[in-house]
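The chain contents come next:
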Amino acid sequence: MRIIIILLLLIGLQSISSAQSEFLEKLKSIGPGSKIPQEFAEEFLGASKNSYRDYDTYRLQYIGTKCGDSILFIYTHGHPVGSLSYLTVMKIDGSKEYNSYVIDEQSDHDGAIAVYKSTSYERIGKQIIELSHLTESVIDKSKFEPDTYWLFDGESFWDLETETTFKYEYLKIDGCSIKRLSTKENIDSNREFPIASERLLTNLDLKKFSSEQLRLMRNEIFAAYGYRFKSPDLSNHFKDKEWYSPEYDDVTDQLTDIEKLNVQLILKNEKSN
């Protein structure tokens, strides 16, 4: 009985090893910059026919190194109204399990609400990717009578407005592990240094500030969460700010991942100035 169990385990391991080898061979045979065959896209990337009853174009951009039972790669999906690039981590055991993150997008949708979307990425250091998301929506703001659907007096038929939103997103890569770093929503625009909570700062960003300005920038991050300052000068500086409400003796746990990284970098620059 024990021999049978061992044999079954060995057969299972051989099957997994064969599946891993088959997937890697298929992926590496495509090569960066090449079009991904339709069969591969269907089997591993969930490709199917689009609304035009045709297949979209998939292209491999980058293959990373194998990490344990996974591999990291980037591919582009071209569709009728634009394209998307995905940073993907896929298991190579034949299970077809994967996680994907959009790191580049160009799309233009027409219809009742026309929407243009753009995402671009930039690598910051060895582990972090910064994603910049831009969305422009053209919306008809015309006002109609609820019962008759006639325009209200004085209203134009096409009262179009363009609404633009922009936000940053961050991914941290550790081998084949990808973590989305938390960012702050609803940042008060009346802050002196809102950028310290909006996006990940660099040494170049901080170069133009004095040590005193950097100290205020760093502490403003804590002030935004209602930190009660023990230093009289900081307490006096923030007490008259409309957005400041001192309530807590410790707000460290409330800081986002990006704010924590910014605090470290600001402090480093503050000391070196």
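It should be emphasised that the depicted structure is a prediction, and the values quoted were computed from it without experimental measurement. (Residues numbered from 1 in each chain as written. Predicted model: local features only at pLDDT ≥ 70, side-chain atom pairs only at ≥ 80, totals over all residues. Heavy atoms only, no water.)

A count of helical and extended segments in the protein chain gives seven helices and eight strands. The buried share of the protein chain, reckoned over its 273 residues, is 35%. Sequence separation of 24 or more characterises 45% of the internal contacts of the protein chain that already satisfy a separation of 6 or more. Per element, the accessible surface of the protein chain, about 17,000 Å² overall, is 50% carbon and sulfur. (Helix = DSSP H or I, 4+ residues; strand = E, 2+ residues; numbered from the N terminus. Buried < 20%, exposed > 50% of the residue type's maximum accessible area, 1.4 Å probe, protein only. Contact = heavy atoms within 4.5 Å. Areas by Shrake-Rupley, 256 points an atom, 1.4 Å probe, with all protein chains shown as cover.)

For the rest of this paragraph, the subject is helix α2 (residues 38-45). For α2, every residue scored as buried is listed here: F40, A41, F44 and L45. For α2, the arc enclosing every buried residue in end-on projection is 100°, short of the 170-degree limit, so these residues lie on one face. Positioned one or two residues after α2, G46 has a phi angle of 70°, which is positive. (Arc of directions from axis to C-beta.)

With that settled, consider the packing of helix α5 (residues 211-223) against helix α6 (residues 232-239). Angle between the axes and distance between the axes are the two parameters that describe a pair of packed helices. Relative to each other, α5 and α6 sit at 70°, their axes nearing to 11 Å. With respect to α6, the axis of α5 lies roughly perpendicular. The chirality of how α5 crosses α6 is right-handed. Every residue of α6 that contacts α5 at R215, L216, N219, E220 and A223 is listed here: D233, L234, H237 and F238. Grouping the constituent residues of the contact of α5 with α6 by class yields four nonpolar, two polar and three charged. (Axes fitted to C-alpha atoms, helices over the stretch in contact; angles between N-to-C directions. Parallel < 35°, antiparallel > 145°, perpendicular 65-115°, else oblique. Left-handed = near helix turned anticlockwise from the far one by under 90°. Nonpolar A, V, L, I, M, F, W, Y, C, P; charged D, E, K, R; others polar.)

What follows covers the packing of aromatic side chains. The tally for this structure, following the rule as stated, stands at 16 aromatic pairs. For the pair F23 and F40, a centre-to-centre distance of 5.9 Å together with 25° between the ring planes defines the contact as stacked. Taken together, the positions of F23 in helix α1 (residues 2-30) and F40 in helix α2 put the pair 17 residues apart, joining distant regions of the chain. Measuring from ring centre to ring centre gives 5.2 Å for F166 and Y168, while their planes differ by 85°; the resulting arrangement is edge-to-face. On the basis of relative accessible area, F166 is assigned to the partly exposed category, the value being 48%. Y168 gets classed as partly exposed once you look at its relative accessible area, which sits at 23%. (Phe/Tyr/Trp six-rings, centres within 6.5 Å; stacked < 30°, edge-to-face > 60°.)

Now for the confidence of the model for the protein chain. On average, residues of the protein chain carry a pLDDT of 84, and 82% of them reach 70 or more. Looking at the elements of the protein chain, mean pLDDT is at its lowest for α1, recorded as 57, and at its highest for α5, recorded as 98. (pLDDT = per-residue confidence, 0-100.)

All right, on to the environment of R180 then. With respect to the helices and strands, R180 occurs in strand β8 (residues 177-181). Note: C-alpha distance between R180 and D257 (77 residues apart in sequence) is 9.3 Å. With sequence-adjacent residues up to four places away left out, R180 is seen in contact with Y101, E169, Y170, L171 and D257. Within the structure, R180 has its side chain in polar contact with the side chain of E169 (distance 2.2 Å). (Polar contact = N/O pair within 3.5 Å; in protein donor to acceptor, adjacent residues only side chain to side chain.)

In total, this model carries one disulfide according to the counting rule given. Across a sulfur-sulfur distance of 2.4 Å, C67 and C176 are joined as a disulfide pair. Around the S-S axis, the bridge from C67 to C176 shows a dihedral of about 65° and counts as right-handed. A residue pair is termed long-range when its members are at least 10 positions apart, and C67 in strand β1 (residues 57-67) and C176 in the loop between β7 (160-174) and β8 qualify at 109 residues. Exposure remark for C67: the relative accessible area of 24% places this residue in the partly exposed category. (Disulfide = S-S within 2.5 Å.)

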